[in-house]
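# Secondary and tertiary structure notes
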Amino acid sequence: MSLFTHHEAQTSTQSTSLNFIHSITMSRVLLTTLILMLTWIILKYIRLWITLNSYKELGGKVSFDFPFGAPARWKRDALKKGDPFFWEKETIRKNPNTRFIATHLGPKPVIYLVDPPLIKDFLTNQMRYKKSSIIDPLAIIGSQGLVFTNGELWKRHRRIISESFHFEFVSSQLPKIIAITNEILTLKSTENQGKNVIALEMAMMITARVVFEIFFGQHFLNTNIGGAAPIAFMMKFVASIFQAIASPENLLFGANFIKKGILKRNREFLNEIASFSEYCKEAINLRRNELKEKGSDGHDRDFLGIMLQAQIDSKGGETSFSDEEILHEFATFFVAGSGTTARLISNAFYYYSIQSKEVQEQILEEARKIANEGDKVTRDQLNQTEMMAALFMEVLRTLPPQPAIFLREALQPHGLQDVPIPKGMTVTYSVVTTNSNPKYYKNPEVFNLNRWIKGHPDFEDNSLEDFYTFLPFSGGPRKCIGKHLALTEAKLVFSILIAKYKFCITENFEPKRALRLSYEFANPLIMDLEKI
């Protein structure tokens, strides 16, 4: 063997040895890193378990389910029991004095309040909280809206936007709601001869259109967002927001992970946000220029016009809205004002259909009075619908679209009565659990609209003694500003449909529940629709 060949062999051997050593070193580094990560995760969940169990002695019920927590239980109960909140309802049924539920969303501990005095303490002093980071995917496009703002900024927004919910403004929107409802019901009753109409989809088409027109007016209906019609885009966008909030990557790593766009669905979500932002900014500029040129005569005003007029009048002062704030308010308004109202309406169709003939006729008589008035109907007439109002209240109690309010995170250590809340703890209240408490509602599993009729033997005095036992629209200073608009819209849509159309729900419908964008029926409610 030549010296050159021998040297080559030695070099090759040394190189192989170094590669082998390097491979072992890298494997050890990776293994050590993995062990450290697993140890950190295990310790984090051990601390979480200890934290949750410390609340037992304060009247709380603990639910620990590694690693995802409550979402895993909700999914399991939806599949096995037909209701994601089966465990919560059973818990409060067996022990009506349960004060709260201590559980977790991923590694984050969460307190779901159930006891009305605790709920009252929580809701009447919201300055101690900020919105939880779990719903940060919505904050990407709504951080400067009413849902997320605090302090003086929140007060300023609330004061100006409240103008849009005054009695006069809501009354002025009734003809618009009626026209939209008639247009879409006509469309649905003629498509496919009115067969196999999906109730929630139909209701969403109405409520989404109403929200869009109340905010923007009719100015932008013939435009498009990201190549799609505005209403179609917004309905898909809202679904994307809630899917991002419920995604494993958000629960485990937070919204910052979503913002990186590593996963395909995250990139698609970010692209939707970009299209939405671009559209809104263009609409804001066009509407502002129109107001500057023509002014506002006070007629047919919309939310955008109200906020832009405030911006123009203040000349950029502290009381004005920035364009970014207006954009975020629209996102907030659409998310909060379309899906929940649509679900209330479609759920009411089902519960109306299973009432006795006598009760149906009483509700139908009220609906006919509303529908026959056409666009001359007044708020006073809508407020005289006792049976229909009771139907909606019981629907909201039995199947609340939002089973809990937006999660809030403690900004400082404090107590809710004797319950300690450390800084960073996530707190909310469980609407669905409180609504199922036999202490306030006799036979809570039974749908009984008479519990809301004063003078009826089944009237629930206890449920109305304490305001904080029934909060479908939240409570305290930050209660839902659009409550009256939502109920007005629901009554109008419901009245027109049952008074002017025959509808028949498919016989094989099973009222199982699911938790998706909202707490809703697991299967689509399908009906046949025929104009009378």
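Just above sits the structure.
Everything in this summary refers to the structure shown in the same document. Just so you know, the residues in each chain are numbered from 1, in the order the chain's sequence is written. Residue-level local features of this predicted model are given only where pLDDT is at least 70; pairs of side-chain atoms are given and counted only at 80 or more, and the full residue set underlies all totals for whole chains, interfaces and linings. The basis for every side-chain value is the complete set of heavy atoms in the structure, and neither hydrogens nor water enter the calculation.

## Observations concerning the overall build of the protein
- The secondary structure content of the protein amounts to 22 helices and 13 strands.
- In terms of its C-alpha atoms, the protein occupies a principal-axis envelope of roughly 105 × 65 × 50 Å.
- Each residue is assigned to one of three classes by its accessible area relative to the maximum for its type, calculated with a 1.4 Å probe on protein chains only: buried under 20%, partly exposed between the two thresholds, exposed over 50%. Residue burial in the protein is summarised as follows: out of 532 residues, 52% are buried.
- Considering only contacts in the protein between residues 6 or more positions apart, those separated by 24 or more positions represent 71%. Comment: elements are numbered from the N terminus, with helices defined as DSSP H or I runs of at least four residues and strands as E runs of at least two. Contacts between residues were defined by any pair of non-hydrogen atoms, one from each residue, lying within 4.5 Å.

## Description of the packing of helix α17 (residues 357–373) against helix α22 (residues 483–500)
- Note on geometry: axes are C-alpha line fits, over the in-contact stretch for helices, and angles between N-to-C directions span 0 to 180 degrees. It is the contact of α17 with α22, at a shortest axis distance of 8 Å, that shows an interaxial angle of 105°. When the interaxial angle is binned, α17 and α22 end up roughly perpendicular. Of α22, the residues touching α17 (which contributes I363, L364, A367, R368, I370 and A371) are L492, F494, S495, I496, I498, A499 and K500.
- The residue makeup of the contact of α17 with α22, split by class, is 10 nonpolar, 1 polar and 2 charged. In this scheme, roughly parallel covers angles under 35 degrees and roughly antiparallel covers those over 145, while 65 to 115 is roughly perpendicular and the rest are oblique. Polar here means any residue outside two lists: the nonpolar Ala, Val, Leu, Ile, Met, Phe, Trp, Tyr, Cys and Pro, and the charged Asp, Glu, Lys and Arg; Gly therefore counts as polar.

## Description of helix α8 (residues 174–190)
- Along its 17 residues, α8 runs 24 Å from first to last C-alpha, staying within 8% of the 24 Å computed at 1.5 Å per residue.
- All buried positions along α8 are accounted for by L174, K176, I177, I178, I180, T181, I184, L185, K188 and S189.
- Where α8 terminates, the next one or two residues include N192, which has phi positive at roughly 50°. A helix is expected to reach a length of 1.5 Å times the quantity of its residues less one.

## Observations concerning the pattern of salt bridges
- Here, a salt bridge means any side-chain nitrogen of Lys or Arg that lies within 4 Å of a carboxyl oxygen of Asp or Glu. All told, the structure shown has 26 salt bridges when counted by the stated rule.
- Here E191 ties to K188 by a salt bridge, and the two come within 3.8 Å at their closest N and O atoms.
- Since its relative accessible area comes to 39%, E191 is described here as partly exposed.
- Of the residues examined, K188 reaches a relative accessible area of 10% and is grouped as buried.
- Across the pair D323 and R288 runs a salt bridge, and its minimum N-O distance is 2.7 Å.

## Considerations on the pairing of strand β3 (residues 108–113)
- Of the pairings in the sheet, the one linking strand β2 (residues 100–105) to β3 comprises 6 bridges and is antiparallel in character. Directly across from F100, in β3, lies its bridge partner L113.
- DSSP bridges decide pairing: two strands pair if at least two such bridges lie between them. Hairpin remark: β2 followed by β3, antiparallel, with 2 residues in the connecting loop; positive phi at G106, about 65°.
- The pairing of β3 with strand β9 (residues 426–429) spans 4 bridges and is classified as parallel. Within β9, the position partnered with Y112 by the bridge is T428.

## Describing the environment of I284
- As for its position among the elements, I284 is in helix α13 (residues 264–294).
- With 24 residues separating them along the chain, I284 and L308 place their C-alpha atoms 8.0 Å apart.
- When residues no more than four places from it in sequence are discounted, the contact partners of I284 are L304, L308, D323, I326 and L327.

## Observations regarding the side chain of E489
- Along the chain, E489 falls in helix α22.
- Of the buried charged residues, E489 lacks a salt bridge, with R209 as the closest side chain of opposite charge at 11 Å. Counted as positive: Lys and Arg. Counted as negative: Asp and Glu, with His and the chain ends omitted from the count.

## Concerning the sheet that holds β2
- Judged by pairing direction, the sheet is mixed, and its 6 strands sit side by side in the order β1-β2-β3-β9-β6-β4 without closing on themselves. Edge positions in the open sheet fall to β1 (60–62) and β4 (129–131), since each of these has one partner strand only. Going across the sheet, the axis of each strand differs from the next one's by a mean of 35°, ignoring polarity.

## Considerations on the sheet that holds strand β10 (residues 501–505)
- Read from one edge to the other, the open sheet built from 3 strands follows the order β5-β13-β10, with strand pairing classed as antiparallel. Either end of the sheet is taken by a strand with one partner, and the two such strands are β5 (197–198) and β10.
- Pairing between β10 and strand β13 (residues 526–531): 5 bridges, direction antiparallel. Bridging across to β13, C504 finds its partner in D528.
- Packed on one face of the sheet, helix α16 (residues 339–353) meets β10 and β13 and runs near 80° to β10.

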